[in-house]
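Chain and residue survey
The lines below spell out each chain.
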Amino acid sequence: MLVPVYGFLEGDVIGLLLLVKDQDRVATLVTKLQESASVRVAPRPGMSVVHRGKHLDPALRIAEAGIEALDRIDVRGPDGF
Amino acid sequence: MLERDEWLGLARKLDWDFSYVSESEAFPEQTSGKPWLPGEAWRNWEEPFKTTYHDYVTCQAEKDAAVYSIKETFARPRNLERLPKTWVNGLKLHAATLPLAEFAAVVGNLRAARFGRAAAWRTAAAFAALDEFRHTEIPLQIFSGLVPWDQQFDWTHKFYHTKDWVAVAARHMVDELLLLADPIELAIATNFVFETGFTNLQFIGLSALANETGDHMFEAMIKSIQTDEARHAQIGPAVLAEVVKHDKAYAQYLLDKWFWRSWLLFAVVTGFSMDYLTPVEHRTQSFKEFMNEWVVEQYLESLARYGLKRPWYWESFLEALDYYHHMIYASAYTYRATVWFDLAMPGPEEHAWLAAKYPRSWPEIAPIWRRIEERWTECDPGLDFGVHGTAIVGFCDLCQLVLCNGTPNRNAATTLTRDGQKLIFCSEPCRWLFESEPERYGGHKDIVKRVLAGEAPGNVLELITKYFGLDYATWGRDVNRGDYPWLVRKSPGQRRGDDAISRET
């Protein structure tokens, strides 16, 4: 099942809509958001997903991580909140 | 024959007591606004500047003659070709957003001319409606004449009839402000907040920049409009004073609501023009400096005069003064094919100027432009889609603008679930506005929700051409086609291939 989420990349100026599958890994969000924002922010290694204030394990599947349609996710560097 | 001053008082305040209907039937709260007060409470309502119909049309005819003579002289392609390209694109932004919004203001003022609670208020609103007709016709006349020279000026009339994202946002505000608002809300929102406060940015700030840039047509047009606005804006304080007396909390709510909504609109329309589309050598002040001098100080003084507080979100607003228009401009630049005017990259001089004017925010905004420049070094001039966003962007469920509030390191977007519906807002004030009047805003679908419902295409290029109504001739580009003297391009072997670009688009 497709899950649309709002993605916010650290250092970017705008929130983007991302479409992922519920069986995709959380790491997919990092890749997709960095690709989508790459015209404004160069992709960086070591980024992770923050959802409802918690850093998520990149190996988790989207559904397991509790990410639901139209949730906000943030992709942040190691020093991010 | 009576002298003017002998009959003006009676003419302005011609009123009578109802015998066939009650006062509340003639002026229902739904259309006249709240607080609903007996007519007696409004009996002493006075507008500071009093005019007669004869004086009005005589004065307006002279002003029209002056504007149209300037138009004959300056609104010609050969004159516009002398203006900086960036400035001309700022004109396209104004040309689209201004005239039909003014036409909606005709409707709002005519409603006040019928349902305003004081006879003198109704008279003043009738003149205001005539003013707004003028503010519709003048820019339509001037800018539509430029279409043969530049097709993007076609959006002067077309804009509000499209589903372009900026038009959706502008219509959302204009519809509420001018077509939906009752006379009390209209007077406080439009005459007090919008015209007494924010339009100073246009009439004083932007007209000064027009003069600096040598755009005498725009300067004359905007100054002529300003003389009308200065008169009919006086409806606002007189209505506000009465509302404060009877329902101070409601007055505060309307002010806080419309200050925020007006701020977002002007950050785009005026913020882009002042800090990006006016050539740096002609800039006299930054957008933030204009805001502080002409809006913030005066607005706070006005609030204090009525014993009102500054809006609860004041700290967020002050932060937004440093960030918001920069964030939304950089976003718009990377989605420029979604708008009807061209945008420019700031060059080294602009970077230095912006860094000096915005020491707090520019260190976070500049890296975005460095990255965009880097992308242009990998693309040939004119290959705009190589330096363009390809993902659908998020839109606020209140203001309908893109999610660009906060800072690059902490976007201020916030979510809400209501009746099983998930919503997102660009900022806490937008969420607060929605939660304050959910029945008013709840039925509106932002562009993302339309895409997800299958009502709009999910592919950016299709969204631009099939939904926003733009095409190859009109969609926005880099104003210099990415060809800047200070930009050093990579050798052909190091550039991005056409196949990579077409894959992304």
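Reference entry: report on the structure contained in this document. All values reported here derive from a predicted model rather than from experimental measurement.

Turning next to unusual backbone geometry. Geometrically, the link from B:Lys34 to B:Pro35 is a cis peptide bond, its omega value of 0° lying close to zero. Here B:Pro35 lies in the loop between helix H3 (29-32) and helix H4 (39-42). You will see that A:Leu70, though not glycine, has its phi angle at about 65°, which is positive. Assignment of secondary structure puts A:Leu70 in the loop between strand E4 (54-55) and strand E5 (72-76). Residues other than glycine seldom take positive phi values, yet B:Asp419 does so here, at roughly 50°.

All names here are of chain B. For the pair helix H15 (residues 248-277) and helix H20 (residues 428-436), the least separation of the axes is 11 Å and the interaxial angle reads 135°. Viewed along their axes, H15 and H20 adopt a mutual orientation that is oblique. As for the relative orientation of H15 and H20, their crossing is left-handed in sense. Residues Tyr253, Asp256, Lys257, Trp260, Arg261 and Leu264 of H15 form the contact with H20, whose own contacting residues are Pro429, Cys430, Trp432, Leu433 and Ser436. For the contact of H15 with H20, the per-class residue count stands at 7 nonpolar, 1 polar and 3 charged.

Tallying the contact residues gives 26 residues for chain A and 34 residues for chain B. Counting the surface lost from both chain A and chain B, the interface buries some 2,400 Å², and carbon and sulfur atoms represent 60% of this. Of all residues in chain A, the largest losses of buried area upon contact with chain B belong to A:Val13, A:Val39 and A:Arg40, amounting jointly to 27% of the total for that side. Counting the contacts that link chain A with chain B gives 2 salt bridges. In this structure, the salt-bridge partner of B:Lys422 is A:Glu68, at a minimum N-O distance of 3.7 Å. Our enumeration of links across chain A and chain B arrives at 13 residue pairs in polar contact (both at pLDDT 80 or more). Of the residues contributing to the side of chain A that touches chain B, the split by class is 15 nonpolar, 4 polar and 7 charged.

With 192 residues, the main nonpolar core has B:Trp121, B:Phe143, B:Trp263, B:Phe272, B:Phe317, B:Trp340 and B:Trp369 as its most contacted residues. Among the elements that make up this core, the one with the highest residue count is H15(B) (17 residues).

Take the pattern of salt bridges next. Pairing between side chains of opposite charge can happen when the charged atoms of each approach one another. Residue and element names in this part refer to chain B. Using the criterion set out here, one finds 50 salt bridges over all chains in the structure. Close ionic contact of Arg12 with Glu46 constitutes a salt bridge, the shortest N to O distance being 3.1 Å. Residue Arg12 is found in helix H1 (residues 4-12), and its partner Glu46 is found in the loop between H4 and helix H5 (53-74); the two are separated by 34 residues along the sequence. Between Lys449 and Asp446 there is a salt bridge, with the nearest N and O atoms lying 2.8 Å from each other. Beyond isolated ion pairs, a larger network of salt bridges with shared partners links Lys63, Asp64, Asp131, Arg134, Asp228 and Arg231.

Residue and element names in this part refer to chain B. Scanning all chains against the criterion turns up 42 aromatic pairs over all chains. Arranged with centres 5.0 Å apart and planes meeting at 90°, the rings of Phe272 and Tyr329 form a pair that is edge-to-face. A residue pair is termed long-range when its members are at least 10 positions apart, and Phe272 in helix H15 and Tyr329 in helix H17 (residues 314-333) qualify at 57 residues. Classification of Phe272 by relative accessible area gives buried; the value is 3%. Judged by centre distance (6.3 Å) and plane angle (55°), the rings of Tyr467 and Phe468 are tilted. Given the relative accessible area of 9%, Tyr467 is considered buried. Every member of this aromatic cluster is reached through a ring pair, and the members are Phe192, Phe194, Phe198, Phe259, Trp263, Phe266, Phe287, Tyr299, Tyr306, Trp314, Phe317 and Tyr324. One residue, Lys92, lies across the ring of Phe153, its end atom 5.8 Å from the ring centre. Here the guanidinium or amino end of Arg336 rests over the ring plane of Tyr333, the centre of that ring lying 4.3 Å away.

Rules behind the numbers
Residues numbered from 1 in each chain as written. Chains lettered and ligands numbered in written order. Predicted model: local features only at pLDDT ≥ 70, side-chain atom pairs only at ≥ 80, totals over all residues. Heavy atoms only, no water. Helix = DSSP H or I, 4+ residues; strand = E, 2+ residues; numbered from the N terminus. Axes fitted to C-alpha atoms, helices over the stretch in contact; angles between N-to-C directions. Parallel < 35°, antiparallel > 145°, perpendicular 65-115°, else oblique. Left-handed = near helix turned anticlockwise from the far one by under 90°. Contact = heavy atoms within 4.5 Å. Nonpolar A, V, L, I, M, F, W, Y, C, P; charged D, E, K, R; others polar. Buried area = accessible area lost by both parts, 1.4 Å probe. Salt bridge = Lys/Arg side-chain N within 4 Å of Asp/Glu carboxyl O. Polar contact = N/O pair within 3.5 Å; in protein donor to acceptor, adjacent residues only side chain to side chain. Core = buried A, V, L, I, M, F, W, Y, C linked by side-chain atoms within 4.5 Å. Buried < 20%, exposed > 50% of the residue type's maximum accessible area, 1.4 Å probe, protein only. Phe/Tyr/Trp six-rings, centres within 6.5 Å; stacked < 30°, edge-to-face > 60°. Lys NZ or Arg CZ within 6 Å of the ring centre and 35° of its normal.

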